[in-house]
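Next come the chains, spelled out residue by residue.
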Amino acid sequence: MAYSEDELKKELKDQEYKYGFTSNIASEVIPKGLNEDVVRLISTKKNEPQWLLDFRLKAFAHWKTMVEKRWAHVSYPTIDFQNISYYAAPKGKKEVSWDEVDPEMKATMDKLGISMDEQKALSGVAVDFVFDSVSVKTSFKEKLGELGVIFCSFSEAVAEHPELVKKYLGSVVPSTDNFYAALNSAVFSDGSFCYIPKGVRCPMELSTYFRINEANTGQFERTLLIADENSYVSYLEGCTAPMRDENQLHAAVVELISLDGAEIKYSTVQNWYPGDKDGKGGIYNFVTKRGICYTGSKISWTQVETGSAVTWKYPSCILKGDNSIGEFYSVAVTNHYQQADTGTKMIHLGKNTKSTIISKGISAGFSNNSYRGLVQINKNATNARNFTQCDSLLMSDHCGAHTFPYIEVKNSTAKIEHEATTSKIGEDQIFYCNQRGISTEKAINLIVNGYCKDVLNKLPMEFAVEAQKLLEISLEGSVG
Amino acid sequence: MHQFEYLKMENKKLEELQQVIVQPSNPKKDQLLETFKSLDYSVEGEYYQNLRKEALAEIAALELPTSGTEFWKYTRLGKIVNKKYQVVKGKIDSIQPFLIPNLDANIIVLINGFYNAELSAITEQDGIVISSLSEAKQKNVEQLKSTFNQYTKNRNELFLAINNAFHTDGVYIQIGKNKIAEKPYHIINITTHDNILAQTRNLFVADKNSSVKIIESFVNIHGKENFINSVAELIVGENAFLEYNKIQDKNEENYTISTEQVYQNANSNFTINTATFNGALVRNNLTIEVDASNCETNLSGLYLGKNNDHIDNHTIVDHKKPHCNSNEIYRGVLDDSSTGVFNGKVFVRQHAQKTNAFQKNNTILLSDDAVSNSKPELEIYADDVKCSHGSTTGQIDEEAVFYLQSRGVSRKSAINLMINAFAKDTLEKVSIDALHNYINTKIEERFA
């Protein structure tokens, strides 16, 4: 299809960030600022039991003693934690049925392409929708309930399944883990909770959609996913935010527990607002994601990172049980002035544990994209195996691509391989495409898609299509 | 050192440094500095004394590295800083045990960080200046002003700053324009007693179109708990060739922190080969600034750890200009409770287009108590480059051992054969035959 240049430009302009709208929904926002009272207020608003308030207060007390570490290869101004509102919720009491959901909210969901009706009918994906601080609607709850699968908002889980939440909350990411995890533990507002009972293979993909709407708020959600023995679940996560000139903070915590023989597949398409082409605005995405694998179990992280002004994220696996498997597949794209420092940690504790890391970074414009990863083979992890491949693609002469792998081996039976390459798209490859009538822009898309294929293939189908589109949009206009 | 800090510090001026808050006194750091109290530098010219003063300001602003210091993450300095040292001149009768068999070279002897003229054997060559550094400081003032201490300032490294401030003596070699050194130079660093602190300082300058090969070996007679904090500055001129071979072979409980600052000019060729056979704690900091086009840089390293050895190699190759190549390979064989650390960093600055940089680290662990930490890093700001790194940690291939066994080779010999092949491959770039043979013999002795 032949584009005229003007058409292409127009399209690019429109496509820049199509989720940048703001929804006009009345919401309740608590005043800015952070102190113990705010933590108590959040807890009270959510009618939380005493133990959870204690958990928050303990985390907050610890957070106050912590200093923000700046080792990541990103730079951003100091965040004023007193200038953020820690709780924002759409007004009104919680809707019970789909029909009662605020029409404006429905419209938002439609725009985001997650119309629940449509999803119900067609794709069979159960969705939990988190809008600003609270979970709005979870679909397919009844159907999942028949199998014993619990999939609900975090607050519901606290009310209805306190024993599970109490047992596992903070067990993988302790409230004292790092600066942003501690902050999250103190002020987290809502999130998703999921429990797959023993031996159950979850029949549909579970999905959470996160949306920041309100200005000057931070989003601090928490996901807790427990796959009991020999169960299986595939979980998707998507995120968007309006276009705003100021930076907003998103500090989430995700904990995965994969008990004996279970398998969790966790996929993320992160598309928070990345800021405009001059680097103004955008989300600071400081996320702690970690999973623990017991005997014979498996956790697979797949992520497509295209959004956020600053990303700081290391989905990790603790391979505690023997024969457990950890996987990490990532595509991280940065354009304009975006900065990403992302990667994974594979901590091998059990025998015969295996891990695979495939990371594909693409940097364009003035962005900086870093892979930072740790592979640690501990003393008792005999016959551990790791394979790591990190490739970086550079699309302009002002961007940076960096690799910081840490490889720590304390066992002589371990086999560790790591390789990384950095290069740009070959002119011969583009020439080859041009020769066959493919425009440069399209040739680049083609090559980038091929380059990311290893990772995109790991995504569930609907997500793979979305991710592919996202890649195109993120990179359009980046090669001149 | 943090990647940002590295880029930033270049532009740091002395005044800025002095404004840095002076770190609160640390008893261990003070104790270390106390060692140098008796040293007297009053014979040196004012220019050199000022350099030492600048370094003192740097020391005041730097903290003793801890496990939280990224650049020292895998190396604990407790062993070094918990001891008391002395700076003394020493004597030995013969250097025979430290010579490399069949090597025809100029011999320069440094004992406890001081130049020893009697034991040195140098053949004079026209156009080549060779002397102790202290002598050069008086005689070759003009040349030293443009070279000495030029690339070691404000590097944000405490031990480098300590050497800047308190170095005793060392070797100055200047190969004049268009000169080719006829024989290699072999510098022997010897420590003689217990608790010696030796601060060697060398300066090697290869002028335009010159060529030179240098060997530096670090050895000791007896004596334990010595600490060598050596620094070498190497300046490779236009079209020049410089090969630097470093042999670290100190027995018993001895500590080494060794820093090389290399600066490459246009079309130059620099090769460094580091072989570490022993060392309770060895830390090599190698920084190569490739500040002109069409340079070639080769870095090779072999480390063989046993007992409680801790061998740490940190390298930085900083590509600042386009059209340069660098190749790096470090290999380790770790036995017993030894630890090997490799941290290689390749920087490619924004203007250094068409850079090819390769980096490789392979480690074999022979024992369950051995530890390998590897951190190959790439930091790339230019797009038209080819850069890659690879890192593997593993053990001898069982199938290969089986193959050899099925042909009548005993298991032990088969394993040794494999290790020999793995280790010997590393230092292929050593171009001095006698040295090459010497290294191979050392490997064979270890794995026989």
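Residues numbered from 1 in each chain as written. Chains lettered and ligands numbered in written order. Predicted model: local features only at pLDDT ≥ 70, side-chain atom pairs only at ≥ 80, totals over all residues. Heavy atoms only, no water.

Caption draft 1: Inspection of the overall build of chain B at higher detail. On a plain count of helices and strands, chain B comes out with 11 helices and 20 strands. Considering chain B as a whole, with its 448 residues, one finds that 61% of them fall into the buried category. Long-range pairs, those at least 24 residues apart, make up 85% of the contacts in chain B between residues at least 6 apart in sequence. Surface exposure of chain B reaches about 17,000 Å², of which carbon and sulfur atoms provide 48%. (Helix = DSSP H or I, 4+ residues; strand = E, 2+ residues; numbered from the N terminus. Buried < 20%, exposed > 50% of the residue type's maximum accessible area, 1.4 Å probe, protein only. Contact = heavy atoms within 4.5 Å. Areas by Shrake-Rupley, 256 points an atom, 1.4 Å probe, with all protein chains shown as cover.)

Caption draft 2: Region of the structure containing the overall build of chain A. Tallying secondary structure elements over chain A gives 12 helices and 24 strands in all. The 480 residues of chain A split such that 62% are buried. By sequence separation, contacts in chain A at least 24 residues apart represent 83% of the contacts at least 6 residues apart. As presented, chain A carries roughly 18,200 Å² of accessible surface, and 50% of it is formed by carbon and sulfur atoms.

Caption draft 3: How the structure looks around the pairing of strand β20 (residues 354-363) of chain A. Residue and element names in this part refer to chain A. With 8 of its 10 residues buried, β20 lies for the most part within the structure. Judged from the 10 bridges that link them, strand β17 (residues 325-334) and β20 form a sheet pairing that is parallel. Note that in β20 the partner of V333 across the bridge is I362. Relative to strand β22 (residues 385-394), β20 runs parallel, the two sharing 10 bridges. If you follow I357 over to β22, its bridge partner there is T388. (Pairing = 2+ DSSP bridges.)

Caption draft 4: Geometry of unusual backbone geometry. Backbone geometry at N230 of chain A places phi at a positive 55 degrees, although glycine is not the residue there. Looking at the element boundaries, N230 of chain A is found in the loop between β8 (221-227) and β9 (232-240). Classification of N230 of chain A by relative accessible area gives exposed; the value is 52%. Even without being glycine, N267 of chain B reaches a positive phi, approximately 55 degrees. Note on placement: N267 of chain B falls in the loop between β11 (255-264) and β12 (269-276).

Caption draft 5: Expanded view of the interface of chain A and chain B. Of the residues lining the interface, 40 residues belong to chain A; the matching set on chain B comes to 40 residues. Summed over both sides, the interface of chain A with chain B buries roughly 3,000 Å², with 46% coming from carbon and sulfur. In terms of surface lost to chain B, no three residues of chain A exceed Y406, I407 and S412 of chain A, which account for 18% of the buried area on that side. Applying the counting rule to chain A against chain B returns 2 salt bridges. In this structure, D369 of chain B engages K379 of chain A in a salt bridge whose closest nitrogen and oxygen atoms are separated by 2.5 Å. Scanning the region where chain A abuts chain B turns up 22 residue pairs in polar contact (both at pLDDT 80 or more). Across the side of chain A that touches chain B, the residue classes break down as 15 nonpolar, 15 polar and 10 charged. (Buried area = accessible area lost by both parts, 1.4 Å probe. Salt bridge = Lys/Arg side-chain N within 4 Å of Asp/Glu carboxyl O. Polar contact = N/O pair within 3.5 Å; in protein donor to acceptor, adjacent residues only side chain to side chain. Nonpolar A, V, L, I, M, F, W, Y, C, P; charged D, E, K, R; others polar.)

Caption draft 6: Local environment of the packing of aromatic side chains. Tallying each qualifying case throughout the model produces 30 aromatic pairs over all chains. Put simply, the rings of F60, W63, W71, Y76, F81, F179, Y180, Y284, F286, W312 and Y314 of chain A pair up and form one aromatic cluster. Above the plane of the ring of W72 of chain B lies R283 of chain B, whose end atom (NZ or CZ) is 3.9 Å from the centre. Just above the ring of F277 of chain B sits the side chain of K442 of chain B; from NZ or CZ to the centre is 5.5 Å. (Phe/Tyr/Trp six-rings, centres within 6.5 Å; stacked < 30°, edge-to-face > 60°. Lys NZ or Arg CZ within 6 Å of the ring centre and 35° of its normal.)

Caption draft 7: Quick look at the side chain of S363 of chain A. Residue and element names in this part refer to chain A. If you trace the backbone, S363 turns up in strand β20. Polar side-chain contacts of S363 include one of 3.2 Å to the backbone oxygen of G400. Not counting residues within four places of it along the chain, the set of residues in contact with S363 comprises T334, N369, L393, L394, M395, S396, C399, G400 and A401.

Caption draft 8: Summary view of the pairing of strand β2 (residues 114-121) of chain B. All names here are of chain B. Examined bridge by bridge, strand β1 (residues 106-111) and β2 share 4 bridges and lie antiparallel to one another. From the neighbouring strand, L110 faces β2, where its bridge partner is Y115. Taken together, β1 and the strand that follows it, β2, pair antiparallel across an intervening segment of 2 residues, in which N112 is found at a positive phi of about 50 degrees.

Caption draft 9: Main features of the confidence of the model for chain A. Averaged over every residue, the pLDDT of chain A is 82; the share at 70 or more is 80%. Note that residues 117-124 of chain A has pLDDT below 50 and, in this model, 14 contacts with residues that lie over four places away or in other chains. (pLDDT = per-residue confidence, 0-100.)

Caption draft 10: A look at the nonpolar core. Membership of the largest hydrophobic core comes to 75 residues, with the highest contact counts inside it found for L206 of chain A together with I173, Y185, I214, L242, Y244 and F270 of chain B. F270 of chain B has contacts with L234, V236, L242, Y244, V262, Q264, I288, E296, T297 and N298 of chain B, leaving out every residue within four places of it along the chain. Grouped together as the second largest cluster of nonpolar side chains are 34 residues, L53, A59, A89 and F220 of chain A included. (Core = buried A, V, L, I, M, F, W, Y, C linked by side-chain atoms within 4.5 Å.)

Caption draft 11: Quick look at the pattern of salt bridges. Residues and elements named next belong to chain B. Per the counting criterion, the structure on display carries 39 salt bridges over all chains. Between D318 and R349 there is a salt bridge, and its shortest N-O distance comes to 2.7 Å. Linking D318 in strand β15 (residues 310-319) with R349 in the loop between β17 (339-348) and β18 (356-365), this pair joins segments that are 31 residues apart in sequence. A single burial state applies to D318 and to R349, both of which are buried. Close ionic contact of E398 with R411 constitutes a salt bridge, the shortest N to O distance being 3.0 Å. Here E398, found in helix α9 (residues 398-406), pairs with R411, found in helix α10 (residues 411-426); they are 13 residues apart in sequence, far enough to count as distant. Each of the salt bridges in this network shares a partner with another, and the network as a whole consists of E70, K345, K375, E377 and E379.

Caption draft 12: Looking closely at the environment of A159 of chain A. Within the fold, A159 of chain A resides in helix α7 (residues 154-160). Residues A159 of chain A and E48 of chain A lie 111 residues apart in sequence; the distance between their C-alpha atoms is 7.7 Å.

Caption draft 13: Main features of the packing of α9 of chain B against α10 of chain B. All names here are of chain B. Where α9 meets α10, the axes come as close as 9 Å, and the angle between the chain directions of the two elements is 125 degrees. With respect to each other, α9 and α10 are oriented oblique. For the pair α9 and α10, the crossing hand works out as right-handed. Counted together, E398, A400, V401, L404 and Q405 of α9 and R411, A414, I415, L417 and M418 of α10 form the full contact between these two elements. The residue makeup of the contact of α9 with α10, split by class, is 7 nonpolar, 1 polar and 2 charged. (Axes fitted to C-alpha atoms, helices over the stretch in contact; angles between N-to-C directions. Parallel < 35°, antiparallel > 145°, perpendicular 65-115°, else oblique. Left-handed = near helix turned anticlockwise from the far one by under 90°.)

Caption draft 14: Looking closely at the confidence of the model for chain B. A residue-level look at chain B finds 95% of positions with pLDDT of 70 or above and a mean pLDDT of 89. Every residue in residues 1-15 of chain B scores below 50 in pLDDT, and together they form 40 contacts with partners more than four places removed in sequence or on other chains.

Caption draft 15: Seen up close, α9 of chain B. Its side-chain oxygen 3.1 Å from the backbone nitrogen of E399 of chain B, D397 of chain B forms the N-cap of α9 of chain B. Of the residues flanking the end of α9 of chain B, it is G408 of chain B, one or two places downstream, whose phi is positive at about 90 degrees.

Caption draft 16: Quick peek at the environment of D425 of chain B. Residue and element names in this part refer to chain B. Structurally, D425 can be placed in helix α10. For D425, a relative accessible area of 47% corresponds to the partly exposed category. Measuring from C-alpha to C-alpha, the distance between D425 and R331 comes to 9.2 Å, with 94 residues separating the pair along the chain.

Caption draft 17: Here's a closer look at the packing of helix α4 (residues 46-61) of chain B against helix α8 (residues 158-166) of chain B. Residues and elements named next belong to chain B. It is the contact of α4 with α8, at a shortest axis distance of 8 Å, that shows an interaxial angle of 150 degrees. On the basis of their axis angle, the class for α4 and α8 is roughly antiparallel. Judged by the sense of rotation from one axis to the other, the crossing of α4 with α8 is left-handed. Where α4 abuts α8, its residues R52, A55, L56, E58 and I59 lie against L158, A161, I162, N164, A165 and F166. When the residues that make up the contact of α4 with α8 are grouped by side-chain class, the tally is 8 nonpolar, 1 polar and 2 charged.

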